[in-house]
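# Report on the structure
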Amino acid sequence: MDNAGKEREAVQLMAEAEKRVKASHSFLRGLFGGNTRIEEACEMYTRAANMFKMAKNWSAAGNAFCQAAKLHMQLQSKHDSATSFVDAGNAYKKADPQEAINCLNAAIDIYTDMGRFSIAAKHHITIAEIYETELVDIEKAIAHYEQSADYYKGEESNSSANKCLLKVAAYAAQLEQYQKAIEIYEQVGANTMDNPLLKYSAKDYFFKAALCHFIVDELNAKLALEKYEEMFPAFTDSRECKLLKKLLEAHEEQNSEAYTEAVKEFDSISRLDQWLTTMLLRIKKSIQGDGEGDGDLK
Amino acid sequence: MVGGGRVNQGDQLGDCPDAEVVTLVATQSRKQMSRDICVHTWPCSYYLEPEKQWVPGELSLTSLSLKFIADKTGKILVSFPLSSIIEIKKEASHFIFRSITILEKDHVKHWFSSLQPSRNAVFNIIEHFWRELLLCQPGATVQASSSPMTKGKELTGLMACSQKRLEDTAKVLHHQGEQFDNIMEGLDKIESDLDVADRLLTQLESPSWWPFSSKLWKTPSETKPAEGASASGSEALGKEGIVIKIPAVISQRTESHAKPGKLIVLVSGLEVRDSDSLLMHRFEREDVDDIKVRTPYEVSIRQRFIGKPDITYHLISAKMPEVIPILEVQFSKKIEFLEDALMLRSTRASSPAEKGCSTWHAAPGLMDRVRPREPSGSPGGQSQLQMSEPFISEEEAHELTQILRKLKSLALDTETELERQDEALDSITSSVDRATLGIDKHSRRMERLTLSEQPREELSTGRHSETL
């Protein structure tokens, strides 16, 4: 009930704001008075947007923020325009993901123009997340994560960049673009290897890279494993490395029982996450695939 | 031989693509029916992407695949093998409706919503069966899967867990450190901007004759980073012989609170533990009043009380077929098979000699599952299993020391990083103080300037309105 009132009020404000904009257009465009009118209109749009927000009318709120952003742009206040676009994006996110992406892209353009790359990167991540969850367009999500990683790297925020890259790698592996995933994991692993705090997780990245190698080709995995051990001696006595060796052995003998046993032992100590489960299942399938063909043809 | 047969089963399902499903259903389902018993069905609704609408129906899970059947048409809308799942997630559609999303191999996302009895229950069960696909070898015998966890292994598990946590903490800490560095940079920029502003203001105030000094507000803003400490509590297992221990999805009374955990069959009773190995309930052997086998994958255990509500636990597990024979030996009088599980009963009842040929009867897939577990069900196997040694082997001790060493160095590194961040925070605080002071000063100066400007401005706006 209260919400309905708020919405009505918001609609009124919107209409009034529009009137002001028109007035500024027709009479005193570019003059001092015109600008104050636009400023007022801007403020009204923002207020209307906030009221729509309270009424949970997200697309109307997004629209109002968008208008405000455009007016801010007219007034040459880039920063305000960008923040309004971000607000618009956040509001649209709940109703119209595609429109939200457009708004956030507009905000990113402004931010990159101003040289605020880390903020732009942050919004790239938001877009990627929308693609990931709402629109399920993983390819595009990957592209945005990559862009954001590039920006972060430019700003020397390596850990944020790594975070994005790891996302890219995980998705690439899921999409069976193993080469790309391997490259990223190796790169991140090499980057973190020398950092006193991060070197402890480097083994995870090498493990994942080796797994991707494994899915493509067993021999490659062996070579890669040797390479990693040489690069990063601490990898040798990690549980991940031992598991890999066992799996490779089992795969060589086409022994799916030994394979399962090794995986189970690993899982009993630390639980496998979903990504690892998927990858290990893919490898397991390749073992079973050779063993029998009659099952498929039934 | 037995193992080979089961492997086939996996692949046959693994290779049925989505599009052909509807046509293949008639032939396939018959085959699957016999091999693959439905674990559970839940009423729910499914989102049809092209039509953009939710269709009510039933989601049914077998031990190898997942199907959705629409209520109205009875058509199978979705059917895929569990092995093609990439990811299972809990999400909210339209930010309100709690639903489960399953990402299939070719990045097809399936939305299931309005799940009955609760989303978490369904999620846990589906995830459990998906994981078991990887973790359990169809041909493996029960001995392997039920090998009791030694103390050493458990310790290793705990240590590995804390190591993982500490690694994550280190990652976050590092990220935080980087952010502090960025803050410092940002503050430096602010300071230099303030210098410029200062210069410009002085220029504007050039005719001013009043020295500006004022009492300033001090608002030191400082945020203490929250430190996520990880603690893992656990309880040592009882000393007595563990017959079998399986992961299971546990729910009490109603199914709405299902969560993953473990069922441990002891010689003296049953223990239900949650995922952190904390004891949820212990049934003494004499106390168990009945055990109902609902499907080969689901049992419920009940203990009656006079004047109090019964204690009932429902357990669903992919490994349940291994446990049922054991339970049957232990609680022979109290176990009860419901209709779905009746065939299990019949196979159990037949003598071992007949078993070979009865494999060709109704549920061969199930029979296979039951048969190799036979030895563990017999009393001989049990007594052998009773003697689980709680010692730590040389190898485990070695691994433990290794993990401990890593933990120690990790902790030391974390400490140095924390100290560094403390210092950074100190300098950030003072720098923020300086900046607030500067901004305050400038705003006052600007106020004064605009105050002197205002009369002129008012004049100009007045003129404007006149022209209008």
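Residues numbered from 1 in each chain as written. Chains lettered and ligands numbered in written order. Predicted model: local features only at pLDDT ≥ 70, side-chain atom pairs only at ≥ 80, totals over all residues. Heavy atoms only, no water.

Let me state the cut-off plainly: UniProt positions are given in the numbering used here, feature names are shortened, and annotations may be inferred rather than shown by experiment.
The name an unreviewed UniProt entry gives chain B is Synaptosomal-associated protein 47, with Trichechus manatus latirostris as the organism. The UniProt entry for chain B carries this comment under Sequence similarities (unreviewed entry): "Belongs to the SVAP1 family."

The name given to chain A in an unreviewed UniProt entry is NSF attachment protein beta, with the source organism recorded as Microcebus murinus. Per UniProt, the comment on chain A under Function (unreviewed entry) is "Required for vesicular transport between the endoplasmic reticulum and the Golgi apparatus."

### Here's the deal with the overall build of chain B
The condition that has to hold: Each helix is a run of DSSP H or I of at least 4 residues and each strand a run of E of at least 2, with the numbering of both proceeding from the N terminus. Residue burial is assigned from relative accessible area. The probe radius is 1.4 Å, only protein chains are included, and a residue is buried under 20% of its type maximum, exposed over 50%, and partly exposed in between. Note on contacts: a residue pair qualifies if any of its non-hydrogen atoms lie within 4.5 Å across the two residues. With residues, only the protein chains shown are counted as cover, and all accessible areas are computed by Shrake-Rupley using a 1.4 Å probe.
In terms of helices and strands, chain B carries twelve helices and 15 strands. Looking at chain B residue by residue over its 468 residues, the buried ones come to 45%. A fraction of 57% describes how many contacts in chain B between residues 6 or more apart in sequence connect residues 24 or more apart. Carbon together with sulfur atoms contributes 57% to the accessible area of chain B, which is approximately 24600 Å² in total.

### Focus on the packing of helix α6 (residues 117–135) of chain A against helix α7 (residues 138–154) of chain A
Residues and elements named next belong to chain A. Applicable threshold: For helices, the fitted axis covers only the stretch in contact; all axes are lines through C-alpha atoms, and the angles between them, taken along N-to-C directions, range from 0 to 180 degrees. Put simply, angles under 35 degrees are roughly parallel, angles over 145 are roughly antiparallel, angles from 65 to 115 are roughly perpendicular, and the rest are oblique. Note on convention: near helix rotated counterclockwise from far helix by under a right angle means a left-handed crossing. Clockwise means right-handed. The residue classification treats Ala, Val, Leu, Ile, Met, Phe, Trp, Tyr, Cys and Pro as nonpolar and Asp, Glu, Lys and Arg as charged. All others, Gly included, are polar.
In contact at an axis separation of 8 Å, α6 and α7 are set at 165° when each is read in the N-to-C sense. Classified by the angle their axes make, α6 and α7 are roughly antiparallel. The two elements α6 and α7 meet at a crossing, and its hand is left-handed. Residues Phe-117, Ser-118, Ala-120, Ala-121, Lys-122, His-124, Ile-125, Ile-127, Ala-128, Glu-129, Tyr-131 and Glu-132 of α6 pack against Lys-140, Ala-141, His-144, Tyr-145, Gln-147, Ser-148, Tyr-151 and Tyr-152 of α7. Grouping the constituent residues of the contact of α6 with α7 by class yields eleven nonpolar, five polar and four charged.

### Things to note about the packing of aromatic side chains
Residue and element names in this part refer to chain A. Selection rule: Geometry of aromatic contacts follows a simple scheme: Phe, Tyr and Trp rings, the Trp one being its six-membered ring, pair when their centres are within 6.5 Å, and the pair is stacked under 30 degrees between planes, edge-to-face over 60, tilted otherwise.
For the coordinates displayed, the defined rule picks out seven aromatic pairs over all chains. With a centroid separation of 6.0 Å and 75° between ring planes, the pair formed by Tyr-185 and Trp-275 is classed as edge-to-face. With Tyr-185 in helix α9 (residues 178–193) and Trp-275 in helix α14 (residues 274–291), the pair connects residues that are 90 residues apart, well separated along the chain. Comparing Tyr-185 with Trp-275, the two get one shared label, buried. Ring pairing ties together the aromatic residues Phe-206, Tyr-228 and Phe-232, which thus form one cluster.

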